[in-house]
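The lines below spell out each chain.
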Amino acid sequence: MQTYCDFDGTIAKIDVTDAVLERFAAPEWRDVEAAWEAGDITARQCMSAQIALIQAPLDEIDSFLDTVEIDPGFRSFVGWCAENAIPLSVVSDGVDRFIHRVLSNHGLGHLKIIANRLCIEEAPAGFQYRLEAPFSQSACLAQSGVCKCSVVTSGTTRIYVGDGRSDYCVSPQADLLFAKHKLATYCTLNAIPFVPYTTFSDVRAEMAARLTDPGVAIAAE
Ligand SMILES: [Mg+2]
Ligand SMILES: [Zn+2]
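Cut-offs and rules
- Along every chain, residues carry numbers that run from 1 in the direction the sequence is written.
- Written order determines the labels here, with chains lettered from A and ligands numbered from 1.
- Local features in this predicted model are restricted to residues whose pLDDT is 70 or higher, and side-chain atom pairs enter the listing and the counts only when it is 80 or higher, whereas totals over whole chains, interfaces and linings include all residues.
- Computation of side-chain values covers all heavy atoms of the structure but excludes hydrogens and water.
- Donor atoms (N, O, S) are those found within 2.8 Å of the metal centre, with the cutoff raised to 3.2 Å for Na, K and Ca; water is not part of the atom list, so apparent gaps in a site can occur.
- For every residue, the accessible area obtained with a 1.4 Å probe (protein chains only) is divided by the maximum for its type, and the residue is called buried under 20%, exposed over 50%, and partly exposed between those limits.
- Angular values range over 0 to 180 degrees, each being the angle between N-to-C directions of two axes fitted as lines to C-alpha atoms, with helices fitted over their stretch in contact.
- Secondary structure counts use DSSP, requiring at least four H or I residues in a row for a helix and at least two E residues in a row for a strand, with both numbered from the N terminus.
- When an angle is under 35 degrees it counts as roughly parallel; over 145 it counts as roughly antiparallel; between 65 and 115 it counts as roughly perpendicular; any other value is oblique.
- Should the near helix be turned anticlockwise from the far one by less than a right angle, the crossing is termed left-handed; should it be turned clockwise, right-handed.
- Contact definition: two residues touch when any of their heavy atoms are within 4.5 Å.
- For this classification, Asp, Glu, Lys and Arg are treated as charged, while Ala, Val, Leu, Ile, Met, Phe, Trp, Tyr, Cys and Pro are nonpolar and the rest, including Gly, are polar.
- Only when DSSP finds a minimum of two bridges between them are two strands counted as paired.
- Contacts described as polar in this section are N or O atom pairs within 3.5 Å, which, within protein, must combine one atom able to donate a hydrogen with one able to accept it, while residues neighboring in sequence count only if both atoms come from side chains.
- Here a salt bridge means any side-chain nitrogen of Lys or Arg lying within 4 Å of a carboxyl oxygen belonging to Asp or Glu.
- Any two of the Phe, Tyr and Trp rings considered here, Trp counted by its six-membered ring, make a pair once their centres fall within 6.5 Å; the pair's planes then place it as stacked at under 30 degrees, edge-to-face at over 60, or tilted in between.

Chemist: An account of the coordination of the magnesium ion (ligand 1) is needed here, citing residue identities and associated values.
Modeler: Asp-6 (OD), Asp-8 (O) and Asp-163 (OD) make up the full set of protein donors to the magnesium ion (ligand 1), lying at 2.1 to 2.2 Å. Mapped onto the sequence, the donors of the magnesium ion (ligand 1) take the spacing D-x1-D-x154-D. The pair Asp-6 / Asp-8 is uniform in exposure class, with both members buried.

Next up, the structure:
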């Protein structure tokens, strides 16, 4: 068994990349977003163009990241997974460095993160940011920086927790899918089975029930 959790809107209460762009990117980031919404560029192209528009020193970005709140049940969910020897990875189409900063602030800096990689260059004119996408997958229609359907592969029982568009491509291949918001709507429209949840406390309770009740057990390893 292996648990995978989306980050933005799932672990973090907000979309951290969007919040960073709103505060620190040149306003053209919204035009890039519109081009993606219109289908003119891929999600991956969108993210890398937007990240290149960030104009702020790293310490200012970090100070903002230090205000980001996470799901109130996530920490104890991580503890519960550890007690039950269930590996947990964070799978995000966001930015590795931002995610690590937020998780570290909540005592969770040890978690494995699969995300886009932020490269920082300190130029005379200031910081320059560039995004690398080592987990992209050209064969997937999602065309994300991190293609979750090609990353969520290990573990014979895959549990996935998500909330949004970056989770669409992986949703049919989870053995147990927890979904809320846009992801829940998508799954309903596409007849993909899921368990609705509000916080990680709900996820934990549902998983605990399935582990102890053979009648509703998740397929054994
Ligand atoms: Mg999300
Ligand atoms: Zn995919």
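What follows continues from the structure just given.
Chemist: Describe the packing of helix α1 (residues 16–24) against helix α4 (residues 58–65), naming the residues involved and giving the relevant values.
Modeler: The interhelical angle for the contact between α1 and α4, taken along N-to-C directions, is 130 degrees, at an axis separation of 11 Å. The angle between α1 and α4 places the two elements in the oblique class. Pair α1 / α4 crosses with right-handed handedness. From α1, Val-16, Ala-19, Val-20, Arg-23 and Phe-24 reach across to α4, where they touch Glu-60, Ile-61, Phe-64 and Leu-65. A breakdown of the residues in the contact of α1 with α4 according to their chemical character gives 7 nonpolar, no polar and 2 charged.

Chemist: Run through the sheet that holds strand β5 (residues 158–162), naming residues and quoting values.
Modeler: Neighbouring strands of a sheet are bound in pairs by backbone hydrogen bonds; such pairs are parallel or else antiparallel. Taken together, the 7 strands give an open sheet; going across it, the order is β4-β3-β2-β1-β5-β6-β7, and neighbouring strands pair in mixed fashion. A strand with exactly one partner marks an edge of an open sheet, and here the two such strands are β4 (126–132) and β7 (195–196). Where helix α6 (residues 96–105) meets the sheet, it contacts β2 (88–95) and β3 (112–123), and its direction lies at approximately 110 degrees from that of β3. Strand contacts of helix α8 (residues 181–189): β5 and β6 (176–179), with the helix running at about 125 degrees to β6, the strand carrying the most contacts.

Chemist: Please set out the pairing of strand β1 (residues 2–5) residue by residue, giving values where relevant.
Modeler: A two-sided burial pattern is seen for β1, the buried positions comprising Gln-2 and Tyr-4 on one face and Thr-3 and Cys-5 on the other. Pairing of β1 with β5 involves 4 bridges; the strand directions are parallel. Its bridge partner lying in β5, Gln-2 is registered against Arg-158.

Chemist: Go over the side chain of Asn-116 with me, naming the residues and quoting the values.
Modeler: Considering the arrangement of structural elements, one finds Asn-116 in strand β3. From its side chain, Asn-116 meets the backbone oxygen of Asp-93 in a polar contact 2.9 Å long. Once residues lying within four places of it in the same chain are set aside, the contact partners of Asn-116 are Met-47, Ser-92, Asp-93, Gly-94, Val-95, Asp-96, Leu-131, Glu-132, Ala-133, Gly-145 and Val-146.

Chemist: Can you lay out unusual backbone geometry for me, pointing to particular residues and giving the numbers?
Modeler: Phi is positive for His-181, which is not a glycine, with a value near 50 degrees. Classification of His-181 as exposed rests on a relative accessible area of 53%. The backbone of Ala-191 sits at a positive phi, close to 55 degrees, despite the residue not being glycine.

Chemist: Can you lay out the pattern of salt bridges for me, pointing to particular residues and giving the numbers?
Modeler: Summed over all chains, the structure comprises 12 salt bridges. Lys-13 is the partner of Glu-69 in a salt bridge, and the nearest nitrogen-oxygen pair spans 3.2 Å. Taken together, the residues span a long stretch of sequence, with Glu-69 in the loop between α4 and α5 (74–83) and Lys-13 in the loop between β1 and α1 at a distance of 56 residues. The partner of Arg-158 in a salt bridge is Asp-175, with the nearest N and O atoms 3.9 Å apart. On the criterion of sequence distance, the pair formed by Arg-158 in strand β5 and Asp-175 in the loop between β5 and β6 is long-range, its members being 17 residues apart. Under the relative-accessibility criterion, Asp-175 is labelled partly exposed at 43%. Linked through salt bridges whose partners overlap, the residues forming this network are Asp-62, Asp-66, Arg-97 and Arg-101.

Chemist: Could you give me a rundown of the packing of aromatic side chains, with the residues and numbers involved?
Modeler: The relative placement of two aromatic rings is captured by the distance of their centres and the angle of their planes. Following the criterion strictly, the structure yields 9 aromatic pairs and no others. Ring centres 4.8 Å apart and planes at 65 degrees place the aromatic pair Phe-74 and Phe-200 in the edge-to-face group. Residue Phe-74 is found in helix α5, and its partner Phe-200 is found in helix α9 (residues 200–212); the two are separated by 126 residues along the sequence. Phe-200 carries the same exposure label as Phe-74, and that label is buried.

Function cannot be read off these values alone, since they describe shape.
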